[in-house]
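The chain contents come next:
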Amino acid sequence: MINEFLQDELIHEGKLSSVYDNDLFGVATITSVDFKFSRVNDTFCKLLEYDSSELIGVRGIADITHPDDIKKSKELLTQLINNEVQQSKIEKRYVTKSGKYIDVIVFIRGFYDKDGKYIGSTGSVLDITYLKQTEFELLEHKKNLEKLVIQRTEDLSETNDLLIQANEELKCAKEQAEVSNHTKSMCLTNMSHEIRTPLNAITGFVQLLFKTELNEQQKDYLSKIIYSADVLQALLADILDLGKIEAGKLHIECKPFEVRKIFEKSLHIFDAEIKSKSLRLSYEIDPELPKYLIGDPIRIRQVFINLIGNAVKFTDEGSIHVELTALQCNTQSCTLECTVTDTGIGIDQEDYALLFDMFAQVDSSFVREKGGTGLGLSISKQLLEAMGGTIDVESELGSGSTFSFELPLDIALVSPIIDNQESLQNITFRELKILLVEDNLHNREIVRSLLLSMGITVDEAESGQQALEMIRSYPYDMVFMDIQMPAMDGITAMHILKEEGFTLPVVAFSAHASALEREKSLNAGMIAHLNKPFKFAKVKQLLLKYFPQKASSLTMSNDEQTPCWIDDMEAIPGITLHEEMCHYWKDQKSFLVSFHKYIHSLKNDAEKLFNILENKNDFEAKKLLHKLKGSSKFYGAISLFNAIDVLEDNIDFTQPNVFTQELQKFTDAVSQLAHTIS
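Attention here is on the structure that accompanies the text. (Residues numbered from 1 in each chain as written. Predicted model: local features only at pLDDT ≥ 70, side-chain atom pairs only at ≥ 80, totals over all residues. Heavy atoms only, no water.)

1. Considerations on the environment of lysine 498
This is how the line gets drawn: Every helix listed is a DSSP run of H or I at least four residues long, and every strand listed is a run of E at least two residues long, numbered separately from the N terminus. Buried, partly exposed and exposed residues are distinguished by accessible area as a fraction of the type maximum, computed with a 1.4 Å probe on protein chains only: under 20%, between the cut-offs, and over 50%, respectively. A contact between two residues is defined here by any heavy atoms of the two lying within 4.5 Å. Definition of a polar contact: a pair of N or O atoms within 3.5 Å, with one able to donate and the other able to accept a hydrogen when the atoms are protein atoms, and with sequence-neighbouring residues admitted only if both atoms are side-chain atoms.
Mapped onto the fold, lysine 498 is located in helix α18 (residues 490-499). Judged by its relative accessible area of 44%, lysine 498 falls in the partly exposed class. The spatial distance from the C-alpha of lysine 498 to the C-alpha of alanine 524 is 8.9 Å, given a sequence separation of 26 residues. Beyond its immediate chain neighbours, meaning those up to four positions away, lysine 498 contacts Asn523, Ala524 and Gly525. Engagement of the side chain of lysine 498 in a polar contact is seen with the backbone oxygen of alanine 524, the distance being 3.5 Å.

Structure representation (structure tokens):
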């Protein structure tokens, strides 16, 4: 009956062939009479490994269903019979003829007569055994991954614990090292003090001896004592610098010096000892070596003395030969090579590594006989490395030693300048063009006057943006730039210059004297930070450092050297006159003209400040205070400067009482200065 029903319906729908002739799905039909298969397709037979004759009328659903899945199969069949559902799907397992289990999904549709009575059903069966196996493998893989993650997490946690422990140990070791370094520094400081006291006495008595009647030989001996005392003072300073060397904070000077003069003076220190040992000392200086070089003469002298002193100390007979050679010289730079060769005790090659270790001595018994701390070579090595040089040694035990160093230095085209006002006063510069960047007109006039007095050509810019445009269009030798300006400040302009590849030296200046401001400037790439007002000597020394080849020394007679005009200047209330003013203004008249302009501008700016404060515009107030601050110091208005300094720090009114007090001081200082020209 069902077959006839199905046949009629499927023919009517034109789907009979498409249902049973399906290679993907196995298709089977059961009847309501005995619930055995009444029709199956080839795919269903292949799936269960049966021939159709072994299924049709012989076996039913229960015969091929896994025992564990029979219950849910019967429940679904009951729902179909009761017409609770007319189609559904079920995931279950079949048992093949060979006893193998396969996973399937069965899509079931029930068929009913005209009265709604169940007469059979057809199921489309899809084999999902492979999918189930893959799913199982994926689940297993997932479990394994989860185990690995847990294990890795445990390992990382353990590693993290070890790192924390190691970090604590490092922290503890660092603290112990710092304590040790502090103890060492204190020891060195105390030792330095103990040595300095008798050394000062020696120097003092030698100075007294110079005032007595002496012959030339005695004067020569005393001069050498003084020079040796100076060297010892420098050595003490080097001992105290050991901590700075280790921390990378040793300051290296960079100025012109006469290398031959320093070298020969270093040799003469050992004249007496060489004579007492009957040693032969010879030296040779390369004629190609430039007369003047740029570097740190004190540090270079210390290296000379250490190497020559070692040779003298460890050579009892024979000779010492020292050579100064010029390597890789051009018009701008030259590498200085110094070689010290002796016929002393020599060094075993195995001990080379100890030579440059701090406080280490190769043969302690021999050194005790000769004396020494073991610091000389270590300090020499670290000083040379700090200056960009290298040191080397060649030696054979019993056959003497050769110590040599190479140090690249720039060539100076001007003689070394003694660091005093008189010498610096006579230095001018040629063919040097500087861009001055400053938004304050008064400050700009003063600095321009100072630079012009040195023979420098000066261009001016009022902002960072204008400075950038001018630098892009002209190759200036140097830039002096205020770091606080409206629109674009000096730090921002410096960052842009670096990004665009400019390498010209830029000097920062501001009214701020704090270490933080200086650090900000240097970190931005500026070569130096000057505080307003500039020290004449500082500016010239800075220019000499970077442009020694453009410096020239003027010879002036005593008649040509004019005294500073402030000596004859009457006192001005509220103004502290200082010698630097003589470099800013050439005479009283030029100072007074400029001072009158400044006071008029100050009165206007003070009124503007009060209006800004009344409107509670802190930002504009701070900008105006900064402008006033720089000018006030140039003109020696110290009381005004101090009041502005405190006002700047309290502009946010966090300490209203302090702000009110300083504002009154500011008002009083402005009134006092205004009164001087009324």
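2. So, the sheet that holds strand β16 (residues 478-482)
How we decide: Strands are labelled as partners when DSSP assigns at least two bridges between them. Every axis corresponds to a line fitted to the C-alpha atoms, with the helix fit spanning only the stretch in contact, and the corresponding angles, defined between N-to-C directions, vary from 0 to 180 degrees.
Taken in spatial order, the 5 strands make up an open sheet running β15-β14-β16-β17-β18, and their pairing is parallel. Pairing within the sheet leaves two strands with one partner each, and these edge strands are β15 (457-461) and β18 (528-531). Averaged over neighbouring strand pairs, the angle between their axes works out to 25° when direction is ignored. Here strand β17 (residues 506-510) pairs with β18 via 4 bridges, running parallel. Residue pairing in the sheet places alanine 508 in a bridge with histidine 529 of β18.

3. Let's talk about the packing of helix α17 (residues 464-473) against α18
Between two packed helices, what matters for the description is the angle formed by their axes and the separation of those axes. The following threshold applies: Here the word oblique covers every angle except those under 35 degrees (roughly parallel), over 145 (roughly antiparallel) and from 65 to 115 (roughly perpendicular). Handedness of a crossing is defined here by the sense of rotation of the near helix relative to the far one, left-handed for an anticlockwise turn of less than a right angle and right-handed for a clockwise turn. Nonpolar residues are Ala, Val, Leu, Ile, Met, Phe, Trp, Tyr, Cys and Pro. Charged residues are Asp, Glu, Lys and Arg, and all others, Gly as well, are polar.
Here α17 crosses α18 at 30°, and the two axes come no closer than 9 Å. The orientation of α17 relative to α18 falls into the category roughly parallel. Where α17 crosses over α18, the two elements pack in a sense that is right-handed. Contacts between α17 and α18 involve Gly464, Leu468, Ile471 and Arg472 from the first element and Ala493, Ile496 and Leu497 from the second. Within the contact of α17 with α18, the residues separate by chemical class into 5 nonpolar, 1 polar and 1 charged.

4. Observations regarding unusual backbone geometry
Phi angles above zero are rare outside glycine, and serine 278 is one such case at about 60°. Within the secondary structure layout, serine 278 lies in the loop between α10 (271-277) and β7 (280-285). Given a relative accessible area of 58%, serine 278 falls into the exposed group. Phi at glutamine 328 takes a positive value of approximately 50°, unusual for a residue other than glycine. Mapped onto the elements of the fold, glutamine 328 is located in the loop between β9 (319-327) and β10 (333-342). With a relative accessible area of 68%, glutamine 328 lands in the exposed category.

5. Thoughts on the state of the cysteines
We apply this condition: Any two cysteine sulfur atoms lying within 2.5 Å of each other are counted as a disulfide.
One pass over the full model with this rule turns up 1 disulfide. Across a sulfur-sulfur distance of 1.9 Å, cysteine 329 and cysteine 334 are joined as a disulfide pair. Using a relative accessible area of 2% as the deciding quantity, one classes cysteine 334 as buried.

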